[in-house]
Protein chains: 2
Amino acid sequence: MYKNILLASDFSPEAERAERRAAEVAQKYDAQLSLIHVVDYYPSMQLEGGLAMLPNIEERLNEKAQEDMDACIARLSMTFKNTHIGHGPPKGVIIDYANEIEADLIVLGSHGRHGLGLLLGSTATGVLHIARCDVLAVRVQE
Amino acid sequence: MYKNILLASDFSPEAERAERRAAEVAQKYDAQLSLIHVVDYYPSMQLEGGLAMLPNIEERLNEKAQEDMDACIARLSMTFKNTHIGHGPPKGVIIDYANEIEADLIVLGSHGRHGLGLLLGSTATGVLHIARCDVLAVRVQE
């Protein structure tokens, strides 16, 4: 029985299907639900003159992430046990957090392997490879 | 809401966790459950003198698959909407069948990426890549 479910969302419009699914499974199982969003921010962006063009980009990204997270929480009308904004390569950050909170199921969106979906698809695949727990990959629109 | 769940099992002892999980999710969702097992049989085995060593190997593999399927059905005490023994590369056979029966969720076991698990892991990964529906990868013992 799932007791401790972790939803990983990039807060894209496509990810809303995975978000709703995670909430639904948590309700079915009367499980606790946690939420992680990963700011996939590469400091190297600052090396290309980006600092001048986008001042305080890291701060801005974090503010945007927090706004998006608040919107997601409001949208789902769920009580979350934990919420976390992580930084770095999504696969590793998601897995580390899942281990930390001892999640027994990770729910995340999965694109096909074509086009734009390739990157997100590889996050789902990567999580699947190294997760210690079950993974529900929710098919989202390409 | 899941209505039509497909369990893919290789009937290994490790896969029993995925089998139980599929039955559990089907009950939670009051969904219909179908079962597929793939005989991953390469006719090329016959080209290496295997015919003499293992007469009727295809027939034997099919008989064994049917016995294992009967045992799985008895073990789970579930009524299955469809059961199917397929032949060929597991990934493609599972996906084709999922599409045929219009499954909305595929449940299958997933090993880590090390050792023996590599092959099974790649089935889960492959299914995840090309499935049109959601995929629940159940972590099984390495």
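Quick look at the structure, then.

1. Thoughts on the packing of helix 1 (residues 16-29) of chain A against helix 1 (residues 16-29) of chain B
Here is step 1: Between helix 1 of chain A and helix 1 of chain B, whose axes approach to 10 Å, the crossing angle comes to 90°. On the basis of their axis angle, the class for helix 1 of chain A and helix 1 of chain B is roughly perpendicular. Only B:Glu24, B:Val25, B:Lys28 and B:Tyr29 of helix 1 of chain B make contact with helix 1 of chain A, whose side of the interface consists of A:Glu24, A:Val25, A:Lys28 and A:Tyr29.
Here is step 2: For the contact of helix 1 of chain A with helix 1 of chain B, the residue count by class is four nonpolar, no polar and four charged.

2. Looking at the interface of chain A and chain B
Here is step 1: Taken together, the contacts link 27 residues of chain A with 27 residues of chain B.
Here is step 2: Summed over both partners, the interface of chain A with chain B comes to about 2,400 Å²; 47% of that surface belongs to carbon and sulfur atoms.
Here is step 3: When the buried surface of chain A facing chain B is broken down by residue, A:Lys28, A:Leu128 and A:Arg139 rank first, second and third, together holding 26% of it.
Here is step 4: Here chain A is connected to chain B by four salt bridges.
Here is step 5: Those elements giving two or more residues to the side of chain A that touches chain B turn out to be helix 1, strand 4 (105-110), helix 5 (117-130) and strand 5 (134-139) of chain A.
Here is step 6: Examined bridge by bridge, strand 5 of chain A and strand 5 (residues 134-139) of chain B share three bridges and lie antiparallel to one another. Across the sheet, residue A:Leu136 finds its bridge partner in strand 5 of chain B, namely B:Leu136.

3. Quick notes on the nonpolar core
The nonpolar side chains of a soluble globular protein tend to be buried with one another.
Here is step 1: Counting 50 residues, the largest nonpolar core has A:Ile5, A:Leu136, B:Ile5 and B:Leu136 as the members making the most contacts within it.
Here is step 2: Among residues more than four places away in sequence, those in contact with A:Leu136 are A:Arg21, A:Val25, A:Leu105, A:Ile106, A:Val107, A:Leu108, B:Tyr2, B:Leu105, B:Asp134, B:Val135 and B:Leu136.
Here is step 3: Listed in part, the 40 residues of the second largest apolar core include A:Cys133, B:Val38, B:Ile95 and B:Val135.

4. Overview of unusual backbone geometry
Here is step 1: Positive phi values are uncommon outside glycine, yet A:Ser77 reaches one of about 50°.
Here is step 2: Examined against the element boundaries, A:Ser77 turns out to sit in the loop between helix 3 (57-76) and strand 3 (80-87).

5. Quick word on the relation of the copies chain A and chain B
Here is step 1: When chain A is fitted onto chain B, the two copies agree to an RMSD of 0.0 Å after a turn of 180° and an axial shift of 0.0 Å. In the structure described here, the two chain copies are related by an operation that fits a two-fold rotation axis. Identified as the residue of chain A closest to the rotation axis by C-alpha distance is A:Leu136, at 2.2 Å.
Here is step 2: The fraction of interface residues of chain A whose copies in chain B are also interface residues reaches 100%, indicating that both copies meet through the same surface.

6. Describing the pattern of salt bridges
Where charged atoms of side chains with opposite charge meet at close range, the side chains can pair.
Here is step 1: With the rule as written, the count across this model stands at 10 salt bridges over all chains.
Here is step 2: Among the salt bridges present, the one from A:Arg21 reaches A:Glu24, with a minimum N-O distance of 2.8 Å. One end of the pair, A:Arg21, and the other, A:Glu24, are both in helix 1, three residues apart, so they sit about a helical turn from each other. This pair shows no difference in class: A:Arg21 is buried, exactly as A:Glu24 is.
Here is step 3: A salt bridge links B:Glu19 to B:Arg75; its shortest N-O distance comes to 2.7 Å. Note that B:Glu19 is positioned in helix 1 and B:Arg75 in helix 3 (residues 57-76), a separation of 56 residues in sequence.
Here is step 4: On the accessibility criterion, B:Glu19 (1% relative accessible area) is buried.
Here is step 5: Connected through salt bridges with shared partners, the residues A:Arg17, A:Arg21, A:Glu24 and B:Asp134 form a single ionic network.

What counts, and at which threshold
Each chain carries its own residue numbering, running from 1 in the written order of its sequence. By the order in which they are written, chains take letters starting at A while ligands take numbers starting at 1. Since the coordinates come from a predicted model, pLDDT governs what is reported: local features require at least 70, and pairs of side-chain atoms require 80 or more to be given and counted, while whole-chain, interface and lining totals use all residues. Excluded from the side-chain calculations are hydrogens and water; all other atoms, namely the structure's heavy atoms, are used. To get an axis, a line is fitted to the C-alpha atoms, and for a helix only the part in contact is used. The angle between two axes follows their N-to-C directions and goes from 0 to 180 degrees. Secondary structure elements follow DSSP: runs of H or I of four or more residues count as helices, runs of E of two or more count as strands, with numbering from the N terminus. The cut-offs work like this: below 35 degrees is roughly parallel, past 145 is roughly antiparallel, 65 to 115 is roughly perpendicular, and the gaps in between are oblique. Throughout, a contact is declared for two residues whenever any of their heavy atoms are within 4.5 Å. Three classes are used: nonpolar for Ala, Val, Leu, Ile, Met, Phe, Trp, Tyr, Cys and Pro, charged for Asp, Glu, Lys and Arg, and polar for all others, with Gly counted as polar. Buried area is a sum: the accessible area each of two parts loses on coming together, probed at 1.4 Å, counted once for each and added. Criterion for a salt bridge: a side-chain nitrogen of Lys or Arg within 4 Å of a carboxyl oxygen of Asp or Glu. Two strands qualify as a pair provided that DSSP identifies no fewer than 2 bridges between them. Within this scheme, the nonpolar core is defined by two criteria: the residues are buried Ala, Val, Leu, Ile, Met, Phe, Trp, Tyr or Cys, and they are joined through side-chain atoms within 4.5 Å. Between buried and exposed lies partly exposed: a residue is buried under 20% and exposed over 50% of the maximum accessible area for its type, with that area taken using a 1.4 Å probe on protein chains only. Copies are brought into register by a least-squares superposition over C-alpha atoms of residues with pLDDT of at least 70 in both.

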